[in-house]
Amino acid sequence: MKKIIIIRAGSPAWKEQNRLQGTLPLPISETGKEVLDRISSFLKEEGIDCLYSSGNESSGPTAQYLSHQFGFKTKKHTGLRELNCGLWQGLCLQDIQKRFGTSYKQWKQDPTAFTPPQGESTLAAYDRIRDAVRQILRKSGEKKVAVIAGQMAAAMIECHLTQKDVNTLWQVAAQEAPLKVLECQSRIAAGPYEVYVPNLQVATPSQSKPAAAKRIKNEIEEEDPGQSFQFEAGIA
């Protein structure tokens, strides 16, 4: 069985303001550090051998904090960097929707159909992140690894490993979970992977893995793709 853990980097303060972070670098808040402390306990229980991050944005400081405070080995892979949202980065989503209503709606309905001004296309970012994850899984072999990524990058990793359509990207990104565990029963780790969300308070799954995977799948199927999107809390 192959396992990979996804740790979501991001800013709770920006989440409350409903801002689009993209590749903007943000420091880790005190709230973020509290979540990381709980995450570290879970990672130790899992026996994680290495943490991967892009080394930039919020993922780099997150990896550094876990390394310095808890001794985890870290590696950088630039292919894991967050989706570059161009001139929309740092703006409130309400402002984006008000000023660029048609383009924003198009981006929400089909992430591959629009690219923010001076930003990176969703497909280009997806291909980059997919290739990075494949390299990490191939090089890690039997080792247990975790990946720290921004909200959209983390969602792209999940879409790739669970073989979800890229058009579900916004629904996956909207799920509130600072950490997810993806497991594949296949020895060749080709997928699809199943997802469950641990209870970080006790560092054990809050429900059975199949039930958790089914719950997440149902959330995506029932999500209204036209609803207003709001970024959820990360850990930085």
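Placed above this text is the structure.
(A) Fine view of the overall build of the protein. A tally of regular secondary structure across the protein gives nine helices and eight strands. For the protein, buried positions account for 53% of its 236 residues. Taking the contacts inside the protein whose residues are at least 6 apart along the sequence as the reference set, 74% of them involve residues at least 24 apart. For the protein, the accessible area works out to roughly 11000 Å², and carbon and sulfur atoms hold 46% of it.

(B) A look at the sheet that holds strand β3 (residues 74-76). If you walk across this open sheet you meet the six strands as β3-β2-β4-β1-β5-β6, and the pairing is mixed. Of all strands in the sheet, those with a lone pairing partner are β3 and β6 (194-196), marking the two edges. Looking at each pair of strands side by side, their axes are set apart by 25° on average, direction ignored. In this structure, strand β1 (residues 2-8) lies alongside strand β5 (residues 179-184), joined through six bridges in antiparallel fashion.

(C) Quick peek at a positive patch on the surface. A cluster of basic residues, Lys-73, Lys-75, Arg-138, Lys-139 and Lys-143, forms a positive patch on the protein surface. Tracing the backbone through its elements, the reader meets Arg-138 in helix α6 (residues 122-140).

(D) Highlighting helix α2 (residues 30-46). Taking 1.5 Å of rise per residue, the 17 residues of α2 would be expected to cover 24 Å, and the 25 Å separating its terminal C-alpha atoms lies within 8% of that figure. Buried within α2 are the following residues: Gly-32, Val-35, Leu-36, Ile-39, Ser-40, Phe-42, Leu-43 and Glu-46. Phi turns positive one or two residues past the end of α2, at Gly-47, with a value near 70°.

(E) Geometry of the side chain of Thr-162. Turning to its location among the elements, Thr-162 is positioned in helix α7 (residues 151-162). At 2.5 Å, the side chain of Thr-162 and the backbone oxygen of Glu-158 are in polar contact. Residues contacting Thr-162, with those up to four places away along its chain left out, are Leu-182, Pro-192, Tyr-193 and Val-195.

(F) Quick peek at empty space enclosed by the protein. Scanning the entire structure with this criterion turns up two cavities of 30 Å³ or more. Of the voids in this model, the second largest cavity is the one considered here, and its volume is about 60 Å³. For the second largest cavity, the full set of lining residues is Ile-6, Arg-8, Ala-154, Ala-155, Glu-158, Ala-177, Pro-178, Leu-179 and Lys-180. Contributing elements (two or more residues each) for the lining of the second largest cavity: β1, α7 and β5. Among the elements that take part in the lining of the second largest cavity, α7 stands out by supplying three residues, more than any other. Its residues assigned to classes, the lining of the second largest cavity comprises six nonpolar, no polar and three charged.

Conventions used here
- Numbering of residues starts from 1 in every chain and runs along the sequence as written.
- Only residues with pLDDT of at least 70 get local features here, since the model is predicted, and only at 80 or more are side-chain atom pairs given and counted; chain-wide, interface and lining totals rely on the full set of residues.
- Each side-chain value is derived from all of the structure's non-hydrogen atoms; neither hydrogens nor water enter the calculation.
- The way it works is that DSSP assigns letters per residue, a run of H or I at least four long becomes a helix, a run of E at least two long becomes a strand, and they are numbered from the N terminus.
- Only protein chains enter the area calculation, which uses a 1.4 Å probe; residues under 20% of their type maximum are buried, those over 50% are exposed, and those in between are partly exposed.
- Contacts: residue pairs with any heavy atoms within 4.5 Å of one another.
- Surface accessibility in these figures is a Shrake-Rupley result with a 1.4 Å probe; residues are shielded only by whichever protein chains are displayed.
- We call two strands paired when DSSP finds no fewer than two bridges between them.
- Note on geometry: axes are C-alpha line fits, over the in-contact stretch for helices, and angles between N-to-C directions span 0 to 180 degrees.
- Two joining distances apply to patches: 9 Å for like charges and 5 Å for nonpolar side chains (Val, Leu, Ile, Met, Phe, Trp, Tyr), and every residue must have over 30% relative accessible area and no salt bridge.
- Just to be clear on terms, a salt bridge is a Lys or Arg side-chain nitrogen sitting within 4 Å of an Asp or Glu carboxyl oxygen.
- His residues and chain termini do not enter the charge count, which takes Lys and Arg as positive and Asp and Glu as negative.
- Note on charges: their place is set at NZ of Lys, CZ of Arg, CG of Asp or CD of Glu.
- Take the residue count of a helix, subtract one, and multiply by 1.5 Å to get its expected span.
- In the analysis that follows, any N or O atom pair within 3.5 Å is treated as a polar contact, provided that within protein one partner can donate a hydrogen and the other can accept it, and provided that, for residues neighboring in sequence, both atoms belong to side chains.
- Here a cavity is any set of points on a 1 Å grid over the protein atoms alone where a 1.4 Å probe fits but cannot get out, and a pocket is any open set with protein on both sides within 12 Å along at least 5 of 7 lines; a residue lines the site when it has an atom within 4 Å of a point.
- Grid points are joined across faces, edges and corners, and a volume is the space filled by probe spheres set on the points.
- Residues are grouped as follows: Ala, Val, Leu, Ile, Met, Phe, Trp, Tyr, Cys and Pro are nonpolar; Asp, Glu, Lys and Arg are charged; every other residue, Gly included, is polar.

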